[in-house]
Amino acid sequence: MTMTIEKTAIEDTAFARLQREGRLLNPVLKAPTRKPGRFGFRGELALRFAPKLADEARPPELSCDQVIAVAQAGDAKLPFFAGYLLSFEHLKDVAEVLGDTLSPEGRYFLFCNNIDLSKKYRVAWGEATFHVLPIDEATVYNELLELLYLEKNDLKKLDTAGKTDAVADAALKFEAGFEPLSYEDGLKLMGPVRNPNENRPV
């Protein structure tokens, strides 16, 4: 008698609404991971959609890029989410889009291009807390490895799902005494927003 392993479906996780709304874009991973009941997503989260012209699918006006997140079957909350923002002010958009999937126990990381490179903050939004960190030329994945003390070489043999599990597992244990900051104060402290297209060949 052969056992069939139930594959976790995105519809059974906290990603379900985001999927229905068409917000999970350009996935490198959108599939069950190696952990039973866990579903992983790596890609972009659409925050604001561009107006539709006829049937033309247009890229979102605003997105959270380099997203790494996991969800568990039967749980309406996201335990782990990380992503890149050009500007700290878009934390509000991320929080509003994720909405009812956020929980007080969740570990949420936003790497923002326009905050002081020497600062790290904790920003409360409702009952959830976002860990806000600076980022310049690095990637969210590499920054998370450094933050969570994960060795890149140890993860090299893993596939994308396995790497996502390793990062999520470490993130769920993360505790940090980052400086508390209100969203309003963060808006006053943030720097200018970099043009993502500068220095690119035409």
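This text goes with the structure placed above it.
Topic: the pairing of strand β1 (residues 24-32)
The sheet contact formed by β1 and strand β2 (residues 38-48) spans six bridges and is antiparallel. Bridge assignment links Ala31 to a residue of β2, and that residue is Gly40. Where β1 folds back onto β2 in an antiparallel hairpin, the turn is made up of five residues, including Gly37, whose phi is positive at roughly 80 degrees.

Focus: the pairing of strand β5 (residues 107-112)
Counting buried positions along β5 gives six out of six residues, so the element sits mostly inside the fold. Residues Arg107, Phe109 and Phe111 point to one face of β5 and Tyr108, Leu110 and Cys112 to the other, with burial holding for every one of them. Pairing analysis gives six bridges linking strand β4 (residues 80-85) to β5, with the strands arranged parallel. Pairing of Gly83 across the sheet is with Leu110, part of β5. With helix α2 (residues 91-98) bridging β4 and the parallel β5, this β-α-β connection has right-handed handedness. Of the pairings in the sheet, the one linking β5 to strand β7 (residues 128-134) comprises five bridges and is parallel in character. Among the inter-strand pairings, Phe111 is bridged to a residue of β7, identified as Leu133.

What to know about the packing of aromatic side chains
Applying the stated rule across the entire model yields eight aromatic pairs. Ring centres 5.3 Å apart and planes at 65 degrees place the aromatic pair Phe109 and Phe174 in the edge-to-face group. Note that Phe109 is positioned in strand β5 and Phe174 in the loop between α5 (160-172) and β8 (179-180), a separation of 65 residues in sequence. Owing to a relative accessible area of 10%, Phe174 belongs among the buried residues under this scheme. Among the aromatic residues, those joined into a ring-pair cluster are Phe80, Phe109, Phe174 and Phe178.

What counts, and at which threshold
Residues numbered from 1 in each chain as written. Predicted model: local features only at pLDDT ≥ 70, side-chain atom pairs only at ≥ 80, totals over all residues. Heavy atoms only, no water. Pairing = 2+ DSSP bridges. Helix = DSSP H or I, 4+ residues; strand = E, 2+ residues; numbered from the N terminus. Buried < 20%, exposed > 50% of the residue type's maximum accessible area, 1.4 Å probe, protein only. Right-handed = clockwise from strand over helix to strand, strands pointing away. Phe/Tyr/Trp six-rings, centres within 6.5 Å; stacked < 30°, edge-to-face > 60°.

Spatial relationships are all this shows, so hold off on functional conclusions.
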